[in-house]
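Here's the letter readout for the chains.
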Amino acid sequence: MPIAGFCPACGSQTKENDIHGRQRPQCTSCRHIVYFDPKVAAIALIIRDGRILLAQRANDPGKHKWGLPGGFVEFGEHPRDATKREVLEETDLTVDIGDVIDVFHTSGGTTITIAYHAEIIDGIPRAGDDAEALGWFSREDIPELFFISTITVVDRWVKGELR
């Protein structure tokens, strides 16, 4: 569980209290309750000529491993728009976002990831932002993957469940 020793509203110390059936930090002065919310991420499954596009991670976690292009949704941003933005930043491709494939919740509860189908509208793939390389992979040559959401979606694609 994350820790919040001080109130973000007034700066006073917090104390763990049973609130809404869970132990939560609550300010000892202004009574503000600190809620720890998960980050929302979005990823795109892009298929072309029987291959999927993967991005090699330039940074930790998972440096040098591969994942579906995507990233975090910014405040006020629709997840579909975030997916388009992240794909453009990482691959230099403009995509159309299709149906939701699945929604994932990490075991620690820190991230919710939405996986979408995506189709290339324009551009030539080129690694950018936090991707050190891009590659098109067939079902037979999948590299070492990172993130349970990517592993699950790619596994479903390899098994022929996603087209």
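Our structure is the block above this text.
These notes cover the structure that comes with them.

1. Looking at the nonpolar core
Then comes step 1: Grouped together as the largest cluster of nonpolar side chains are 15 residues, with contacts concentrated most on L45, L54, L68 and V153.
Then comes step 2: For this core, the element with the most residues is helix α2 (residues 148-158), which contributes three residues.
Then comes step 3: Leave out the neighbours within four places in its chain, and L54 touches W66, G67, L68, A133, L134, G135, F137, P143, L145 and V154.
Then comes step 4: Formed by 14 residues, the second largest nonpolar core is a distinct cluster that contains A44, I46, A82 and V87.

2. Regarding α2
Then comes step 1: Within the sequence span of α2, burial applies to S149, T150, V153, V154 and W157. Buried residues in α2, looked at end-on, bunch into an arc of 115°, giving them a common side.
Then comes step 2: Buried-residue contacts for α2 involve β3 (39-48), β4 (51-57), β5 (66-67), β7 (94-105), β8 (111-122) and β9 (131-137).
Then comes step 3: Of the residues trailing α2, G160 is marked for its positive phi of about 85°.

3. Side note on the environment of K84
Then comes step 1: Counting through the fold element by element, K84 comes out in helix α1 (residues 79-91).
Then comes step 2: Overall, the relative accessible area of 35% leaves K84 in the partly exposed class.
Then comes step 3: Measuring from C-alpha to C-alpha, the distance between K84 and V95 comes to 6.1 Å, with eleven residues separating the pair along the chain.

Cut-offs applied
- Residues numbered from 1 in each chain as written.
- Predicted model: local features only at pLDDT ≥ 70, side-chain atom pairs only at ≥ 80, totals over all residues.
- Heavy atoms only, no water.
- Core = buried A, V, L, I, M, F, W, Y, C linked by side-chain atoms within 4.5 Å.
- Buried < 20%, exposed > 50% of the residue type's maximum accessible area, 1.4 Å probe, protein only.
- Helix = DSSP H or I, 4+ residues; strand = E, 2+ residues; numbered from the N terminus.
- Contact = heavy atoms within 4.5 Å.
- Arc of directions from axis to C-beta.

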